[in-house]
Amino acid sequence: MSAAIPFRPVLVARRPAGPAVERAPSVEAAAHRRVLYRGTDPAAGHAAVASRLGPHRLHVPGGRIDANFRILHEGEISILELAYGVRADMYFDGSSADHLIPIRHRGWGRVVIDDVESALSPCVLSPGRPARLSWEPDTSVVIVRIPGEVLDRAIGREAVGGHRKAPTLGPYLDNTDLGVRQWLSLARDFSAMVDATGHLAGSRSAARHFEQVLVHGLLSCAPAHGAGPRPETGSSEPNGLRRALAYCAEHAGEPISVGAIAAAAGMSVRTLQEKFRIHLGVTPVGHLRRVRLAGAHADLLNVAEGRSKDTVTDIALRWGFGHLGRFGSMYRETYGQLPSHTLRHGAAAPGAVSRAAV
């Protein structure tokens, strides 16, 4: 049964600024407190996510989730990690004043802003700009949340008709731009350093300094509101990558080669591999394997939920896995259980989704 969760208006509590030097909690206490939600109830998971990421609508085709939502850092800005463990769609109507920047994702994830579809990261979800985020079971994402007033202060307040106007950034972050790559590298390193066991977990003063570096750095490299993708310049334009992704999705069950993907994208094999590395952080073969595993996982869930009578062999062959033992190993590494277990019992227990980067 499909579950659709409506927009949920929320009040997000702002943490008051503390003293310059504070005693950090123990690693065990910090790790426990940072889990915001872990479970299978779509309504409860939606409420937890909305409390941090803002009002949105959640659609879960399977009617249940296997979610893990935790906070890596909370200060003037926040860094959060979210995985639903199932196919899901999030719809943001642009009513939130916060800016959400997915800086890293694992698995297969897509975002649609202004009718333009792209990889789930990196991008900027800005106030006043609706967006749809699509997840597959293997998707998880790290998101930087910057409140509007924080970004407003960073560029200086501007009075307009007696009101303050918060800045609005465009949705496109060009991975081929050196400044963007440097900012993403800093943001990703910071997210690791402030996690419960990271090097900055015990230094709030240092963390606040890096927060300001991230905010001002984003303003220096992100395009302004209204800026679109760069004009096409041969195979460097992401349109070629989109053609490659579409070809993989349409022919995932067939014995396609990297050469065939490159031909469909209109670029050389070397360029294709480079574009996958820059924009998705994965090889074409690795991406195709993820698409196939996600399709097989969905088909196994259909059997577990009584919508199909396929066998594991039927499903593996349908998605291009000719070696059943290898399929079983890759599936368990990704989903935390064997295909036969999913076929009989459904998805794994909460928290079993693999965190291995593609």
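What this report covers is the structure whose coordinates are included nearby. Since we're looking at a predicted model, the values are computed, not measured.

### What about helix H8 (residues 269–280)?
Here is step 1: Helix length check: H8 (twelve residues) gives 16 Å between terminal C-alpha atoms against 16 Å at 1.5 Å per residue, within 8%.
Here is step 2: Listed in full, the buried residues belonging to H8 are Leu272, Lys275, Phe276, Ile278, His279 and Leu280.
Here is step 3: Positioned one or two residues after H8, glycine 281 has a phi angle of 70 degrees, which is positive.

### A look at the pattern of salt bridges
Here is step 1: Under the counting rule described, the total for this entry stands at 13 salt bridges.
Here is step 2: A salt bridge links aspartate 138 to arginine 290, with the shortest nitrogen-to-oxygen separation between them at 3.7 Å. Of the two residues, aspartate 138 is situated in the loop between strand S10 (131–135) and strand S11 (140–146) and arginine 290 in helix H9 (residues 284–304); the sequence distance between them amounts to 152 residues. A single burial state applies to aspartate 138 and to arginine 290, both of which are buried.
Here is step 3: Of the charged contacts in the structure, one is a salt bridge between arginine 318 and aspartate 299, with a shortest N-O distance of 2.9 Å. One end of the pair, arginine 318, is in helix H10 (residues 312–318); the other, aspartate 299, is in helix H9, and 19 residues separate them in sequence.
Here is step 4: Residue arginine 318 is classed as partly exposed on the basis of its relative accessible area of 36%.
Here is step 5: Three or more residues joined by partner-sharing salt bridges are found here, namely Arg64, Glu305 and Arg307.

### What to know about the packing of H9 against helix H11 (residues 324–335)
Here is step 1: The contact between H9 and H11 brings their axes to 11 Å, and the two run at 85 degrees. When the axis of H9 is compared with that of H11, the two are roughly perpendicular. Each of Arg289, Arg290, Leu293, Ala294, Ala296, His297 and Leu300 in H9 lies in contact with H11, whose residues at this interface are Phe327, Met330, Tyr331, Thr334 and Tyr335.

### Considerations on the environment of isoleucine 261
Here is step 1: As for its placement among the helices and strands, isoleucine 261 is situated in helix H7 (residues 258–265).
Here is step 2: Since its relative accessible area comes to 1%, isoleucine 261 is described here as buried.
Here is step 3: With 13 residues separating them along the chain, isoleucine 261 and cysteine 248 place their C-alpha atoms 7.1 Å apart.
Here is step 4: Filtering out sequence-adjacent residues up to four positions away, isoleucine 261 remains in contact with Ala244, Tyr247, Cys248, Ile256 and Leu272.

What counts, and at which threshold
- Residues numbered from 1 in each chain as written.
- Predicted model: local features only at pLDDT ≥ 70, side-chain atom pairs only at ≥ 80, totals over all residues.
- Heavy atoms only, no water.
- Helix = DSSP H or I, 4+ residues; strand = E, 2+ residues; numbered from the N terminus.
- Expected span 1.5 Å × (residues − 1).
- Buried < 20%, exposed > 50% of the residue type's maximum accessible area, 1.4 Å probe, protein only.
- Salt bridge = Lys/Arg side-chain N within 4 Å of Asp/Glu carboxyl O.
- Axes fitted to C-alpha atoms, helices over the stretch in contact; angles between N-to-C directions.
- Parallel < 35°, antiparallel > 145°, perpendicular 65-115°, else oblique.
- Contact = heavy atoms within 4.5 Å.

Keep in mind that these numbers describe shape and distance, not what the molecule does.
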